[in-house]
Every structure is written in structure tokens, then in C-alpha cells.
Amino acid sequence: MRKIISLLSAVVISVVSFTGISNAADSKKPIVIPTHNWSSQIVMAYVIGGIFESMGNNVSYAEGVDSQGVYESIRIGDVSISHEVWESAFGKSFTTALDKGGLLDWGDHEARTLEDMGYPNWVADKGLCPGLPDWTALKNPDCAKNFETPDSGGKGRMLEGPQTWHGDLIPQRVDALGLGSLWTVKFAGSADALWAELAAAKKEGRGTIIFNWTPNFTDGAGFTFIDFPPYTAGCRPEDGGDGKCGSPDGYLKKAVNADFPKTHPAAAAAFKKMSFSTSQIGAMAALVDVDKMTHQDAAKKWLADNKSVWQAFTK
Ligand code: TMO
């Protein structure tokens, strides 16, 4: 009997709290959405902001937030959500904040991710580095010399993204794999500098190896990632490993401040359902990087063209 009573009271309590949550209106306090420095993330910020606004919410944007520090900002409540937690670049900062408490894992997008060094397919077609995409092709001095630039000190140059994304991960890997005498790694100041390098190398007909990722606008444009030795848990120097590994087949997660589901239950429920595919995220980036729209206009267009996709998240 005791058991039945406690079971019944548990049911009553959960029904009450369930209906309490589903009926509670979202706070009018703005939902704070961060923007970083790559296109899909910024467009998706405005897409998600538009979805929240369609539900009657107020939204504000924290622009140009550091993409590692954002998880601490969410944990302490300065920022409400993160909608693109890329495993390779930000998994460690995300997990650190998760373990400290105050931040919740709000599930994965459908899209899987890869963030690594690679090359446009015409580099292989021109025979500039026979054996690619196998990384051991990079050991060949005749390959490396096709990737020299004026600033590379007679070595082949790889152009990494902004250093805020992965610190010294790629220079460490180049050294760990014994490629340091043939290759040097430079950091681009912005994602746009990576795309400018792709265009310049093509025009000049010279080899280029850059950091890139998928989902991205380059998914359909003939870009190949180099096959480095497989990623295993702990293989990176920051995790105590020898660094002789490529990047993981990664998740793309969402995260929220732990109070967000209480202050904005309807928006939090919608955000939990939000899941974008590789082609949807690639399209968000392409509206900016190919079609040259502003991030805000790209988001408006995406929302107008994909009503049935996003309205399903709000029901
Ligand atoms: C985090 N990024 C998508 C730039 O690799």
C-alpha cells in the first residue's frame, strides 16, 4: 500500500509539474544567442532567433563571442544557448563546462562533422601531390615544394583557420608525424581568409592545403579532406596523447544554460527538437559565402524557404 501511495503521489506530482511546465509562458527576458566567426553559425543564430521570435520571445545577440569561452559564458548565464558545438574544435571546452555544472547537453543535430586539413580537388587533378588524400603523400619533398608560398621559408605551407579554433593542434600534428622539416603551418585571421586563399591558389595554379570543415558551402564544390591516422580518444597532446592523429568523425551539439528550460520552457522545448542536416547547414553557409548575402538576410531567406522544416520544431 505504501508503495502504491508513493507511486500515485509520484504520478500526481509529475502530472502537475508536466502541465505546469507546458502551460508556463516564456519569460520576456531576451534569449541571448552568441555569434562566432564562421558563416553557418552566424546564419543559424539568426535562424534560431527568428524561430524564437515567431513564438513570441525576445532575442538578443551576443556578437563575436569567443568560441571556446562561450561555454563558460553559458554556464554562468551570460549567454542562453549554443547551437553549433563542433566536437573537434570545442568538445573539450564544452565538456569542461558540462562537468562544472550550469550547462546542459541539449542534444545533437542530425549532421555529423569533420574539421580538418584538406585541398580543392583540382590540386590532386593537377598531380601536385601524388598519393593524396593519404597523409603519407605529404612526406614527399616533391609534393611539399608545390605548396611553397613567399612566407613559408622554403617549406610547403598549410593554412590553418584562426588560432582560437584549435590552438596549436595542427602544428603539433605536423611535428608529431615527422612532417616539420617539409611543412609549416600559418594561421588565417578569419574564415574569409581561407576562402580567399582557395580563390588565389586556383587563379595562380599553385597547390594549397587549408583547414576546412563539413557541413560547409564547400561540400558540393570538390574539396577533399586528408586522411590522417584515425582519431582515438586521448590521442591529442592536450589529452596526453602523442598527437599523431586526425580529427574525429564528430558530433554537432546544442547546449543551454541550466536555467533556460525553466525561464523559457517553450523555447527550450523547441530548441531541443531543432536538428539541422548537412545539406541544410551547408545551404546556410552558401547563402553568405557563395551568394554574398548578409547573415541576417540569409537567415530571413532560409526561414522563408523552409517554413515546414522549422515550424515543426515549435509544435
Ligand atoms: C568550428 N569550425 C566549424 C570552424 O570548425
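The sections below set out a description of the structure shown in this document. Along each chain, residues carry numbers from 1 onward, in the same order as the chain's sequence is written. The model is predicted, so local features are restricted to residues of pLDDT at least 70 and side-chain atom pairs to those at 80 or more, both for listing and for counting; the totals for chains, interfaces and linings are taken over all residues. In computing side-chain properties, one takes all heavy atoms of the structure into account and sets aside hydrogens as well as water.

### With respect to helix α2 (residues 39–54)
For step 1, the next point in the chain: For α2, built from 16 residues, the straight-helix expectation of 22 Å at 1.5 Å per residue is met to within 8% by its first-to-last C-alpha distance of 23 Å.
For step 2, the next point in the chain: Only DSSP runs of H or I with at least four residues qualify as helices, and only runs of E with at least two residues qualify as strands; both kinds are numbered from the N terminus onward. Positive phi appears at Gly56, one or two residues downstream of α2, with a value of about 95°. By this rule the span expected of a helix is its residue count minus one, scaled by 1.5 Å.

### Topic: helix α8 (residues 169–176)
For step 1, the next point in the chain: Here's how the labels work: a residue is buried when its accessible area is under 20% of the maximum for its type, exposed when over 50%, partly exposed in between, all with a 1.4 Å probe on protein chains only. Turning to α8, its buried residues number three or more, namely Leu169, Ile170, Arg173 and Val174. Along the axis of α8, the buried positions cluster into a sector of 130°, meaning they face one direction only.
For step 2, the next point in the chain: Residue contacts are counted whenever heavy atoms from the two residues lie within 4.5 Å of one another. Buried residues in α8 make contact with β5 (114–120), β6 (156–160), α7 (163–166) and β7 (183–187).
For step 3, the next point in the chain: Just downstream of α8, Gly178 is the residue with a positive phi angle, here 75°. This arc describes the spread of directions from the helix axis toward the C-beta atoms.

### Structural notes on the packing of aromatic side chains
Ring pairs (aromatic) are described by centroid distance and by the angle formed between their planes.
For step 1, the next point in the chain: Between the rings of Phe, Tyr and Trp (Trp by its six-membered ring), a pair exists once the centres lie within 6.5 Å; its type follows the angle of the planes, with under 30 degrees stacked, over 60 edge-to-face, and the other angles tilted. For the structure shown, the criterion picks out 16 aromatic pairs.
For step 2, the next point in the chain: Look at Trp165 and Phe211: their rings are 6.0 Å apart centre to centre, the planes differ by 50°, and that puts the pair in the tilted class. With a gap of 46 residues between them, Trp165 in helix α7 and Phe211 in strand β8 (residues 209–214) connect regions that are remote in the sequence. Each of the two residues, Trp165 as well as Phe211, counts as buried.
For step 3, the next point in the chain: Chaining the aromatic ring pairs together yields one cluster made of Trp38, Phe90, Trp165, Trp195, Phe211, Trp213 and Phe217.
For step 4, the next point in the chain: For a ring to carry a charge above it, either NZ of a lysine or CZ of an arginine must fall within 6 Å of the ring centroid while also lying within 35 degrees of the normal to the ring plane. Here the basic side chain of Lys253 rests over the ring of Tyr251, its NZ or CZ set 5.0 Å away from the ring centre.

### Side note on the state of the cysteines
For step 1, the next point in the chain: By definition, disulfides here are pairs of cysteine sulfur atoms that lie within 2.5 Å. Enumeration according to the criterion identifies two disulfides in this entry.
For step 2, the next point in the chain: Note on cysteine connectivity: Cys129 is disulfide-linked to Cys143, with sulfurs 2.2 Å apart. Looking down the S-S bond of the Cys129 and Cys143 bridge, the torsion is -95°, so its handedness is left-handed. Of this pair, Cys129 sits in the loop between α5 (121–125) and α6 (141–144) while Cys143 sits in helix α6, and the two are 14 residues apart along the sequence. In this structure, Cys129 and Cys143 share a single accessibility class: buried.
For step 3, the next point in the chain: Here Cys235 connects covalently by a disulfide to Cys245, the sulfurs 2.0 Å from one another. What sets the handedness of the Cys235 and Cys245 disulfide is the S-S torsion sign, and at about 80° it is right-handed. Of this pair, Cys235 sits in the loop between β9 (223–225) and β10 (252–257) while Cys245 sits in the loop between β9 and β10, and the two are 10 residues apart along the sequence. Here Cys235 and Cys245 have matching classes, each one buried.

### A look at the nonpolar core
For step 1, the next point in the chain: As used in this record, nonpolar core signifies buried Ala, Val, Leu, Ile, Met, Phe, Trp, Tyr and Cys residues forming a set joined through side-chain atoms within 4.5 Å. Formed by 91 residues in total, the largest nonpolar core has its most connected members in Val47, Phe52, Tyr71, Leu138, Trp183, Trp213 and Ile226.
For step 2, the next point in the chain: Looking at this core, the element that brings in the most residues is α2, giving nine residues.
For step 3, the next point in the chain: Ignoring sequence-local partners within four residues, the contact set of Phe52 consists of Ile31, Ile33, Asn57, Val59, Ile81, Phe260, Ala267, Phe271 and Met274.

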